[in-house]
Amino acid sequence: MICLLSTSTNPYFNLATEEYLLKNRSEDICFLYINTPVIVVGKHQNAVSEANMAFSMEHNVPVLRRISGGGAVYHDEGNLNFCFITNGKQGELVDFRRYTQPVVQFLATLGLEVEYSGSNNLTVNGKKISGNAMHVYKNRVLHHGTLLFNTNLDNLVQSLKPVNPVYSDKSVKSKPWAVANISQLASLDFNIQTFANRFLYFLIDEQSAKPASLSVTEMLEISSLSLHKYEIWEWTYGYFTEYYLEKQIELPGDTVYLRLKVVKGEIGAVEAVTNNNNSLISSAFSSILQNSRHCPVQLYSKFRQSPRFLNLTDKEIQNIVKQLF
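Summarised in this report is the structure supplied together with it. Remember, it's a predicted structure, so these values are computed and weren't measured experimentally. (Residues numbered from 1 in each chain as written. Predicted model: local features only at pLDDT ≥ 70, side-chain atom pairs only at ≥ 80, totals over all residues. Heavy atoms only, no water.)

## Here's the deal with the overall build of the protein chain
Now for step 1: Assigned secondary structure in the protein chain consists of twelve helices and 15 strands.
Now for step 2: Its C-alpha atoms put the protein chain at 70 × 40 × 35 Å along the principal axes.
Now for step 3: When the 325 residues of the protein chain are sorted by exposure, 53% land in the buried category.
Now for step 4: Accessible surface, the protein chain as shown: approximately 14900 Å² in total, 49% of it carbon and sulfur.
Now for step 5: Counting 29 positive and 29 negative side-chain charges, the protein chain places the centres of these two groups 5 Å from one another. (Helix = DSSP H or I, 4+ residues; strand = E, 2+ residues; numbered from the N terminus. Buried < 20%, exposed > 50% of the residue type's maximum accessible area, 1.4 Å probe, protein only. Areas by Shrake-Rupley, 256 points an atom, 1.4 Å probe, with all protein chains shown as cover. Lys, Arg positive; Asp, Glu negative; His and termini not counted. Charge placed at Lys NZ, Arg CZ, Asp CG, Glu CD.)

And the structure:
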């Protein structure tokens, strides 16, 4: 097994690296990386119902879609991500305990007794420290997970919306779980870079891993994959097929009751009724929303340019957009 520790904290690049290594290398690999703040949803999830879009907008935290299934997670500079990619036989590739065993053994060296909980979590004293997911490609499997070292847990909780009843869809739903940081559980006084290096050295010493790095050519190809897949709206938001959204939107002096049908990220049918039976407001909402992408940037632009809402401040327009998720 070779082991790579990413020199980048760009979440788009690091997720693209996982896919590139899975599909373009043949050896067993461990890839470790730390991301700047990002919300990462599973392949079969509705991004806008799992991520707290208001939090995303307010804190400039992007939402990304990964190639594996499972639930939504939050990454920041206090979280270490691990990714094991191995070869195997069809039907024997998915094995949660097998791929997390090195993680459990490493954490034991720090004095932590880790338990396997749920279908894909690692816990300590009932608190989740790691969520995991897998993706099978031909005769190779990608198993990756989080390791909460000193993550901002308040931001983690605020960034996700695992139970969002305003959405009606057939997506995979995330399951809420109490979380904790490894650094506090083990009373560690070093930073996450040291934590990552210790894990790397553990894999080299105990798992016979060999340190490696990406070539310049590979980095260019990964950057291209990031640019043309992970950074585009069609993958993150347009990939999910269909959902309905029912919301009550509060305006200065009025309330709008909305029902939207969204197909591949674009708003189709719109039903809009106001509390005061204001047909001008209802028509304006329908005109703005229909055939628009259900994403904050485009919706803000269309509301801001609408003659019907010229009297509203930027903050009031932003508040309308936040309520549309």
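Once you've had a look at it, read on.
## Remarks on the sheet that holds strand β2 (residues 29–33)
Now for step 1: Taken in spatial order, the eight strands make up an open sheet running β7-β8-β9-β10-β6-β2-β1-β12, and their pairing is mixed. Two strands lie at the open edges of the sheet, namely β7 (115–117) and β12 (210–211), each paired on one side alone.
Now for step 2: Two elements, strand β6 (residues 79–87) and strand β10 (residues 140–148), share nine bridges in a ladder whose sense is antiparallel. Bridge pairing links I85 to L142 in β10. (Pairing = 2+ DSSP bridges.)

## Some points on unusual backbone geometry
Now for step 1: The phi dihedral of K138 falls on the positive side, at around 55°, and the residue is not glycine.
Now for step 2: Residue K138 is classed as exposed on the basis of its relative accessible area, which comes to 58%.
Now for step 3: Phi at N277 takes a positive value of approximately 55°, unusual for a residue other than glycine.
Now for step 4: Secondary-structure assignment places N277 in the loop between β15 (266–274) and α10 (279–289).

## Looking at the nonpolar core
Now for step 1: Core analysis: the biggest nonpolar cluster contains 44 residues, and L258, F285, L289, F303, F309 and L324 have the highest contact counts within it.
Now for step 2: At five residues, the largest contribution of residues to this core is made by α10.
Now for step 3: Contact partners of F303, with chain neighbours within four places excluded, come to F285, I288, L289, F309, I317, I320, V321 and L324.
Now for step 4: Core analysis: the second largest hydrophobic core is formed by 36 residues, I182, A196, F199 and L200 among them. (Core = buried A, V, L, I, M, F, W, Y, C linked by side-chain atoms within 4.5 Å. Contact = heavy atoms within 4.5 Å.)

## Notes on the environment of K23
Now for step 1: If you trace the backbone, K23 turns up in helix α1 (residues 11–24).
Now for step 2: Overall, the relative accessible area of 35% leaves K23 in the partly exposed class.
Now for step 3: C-alpha separation for the pair K23 and K138, spaced 115 residues apart in sequence, amounts to 9.0 Å.
Now for step 4: At 2.9 Å, the side chain of K23 and the side chain of E19 are in polar contact. (Polar contact = N/O pair within 3.5 Å; in protein donor to acceptor, adjacent residues only side chain to side chain.)

From the geometry alone we can't say anything about function, so treat these as descriptive.
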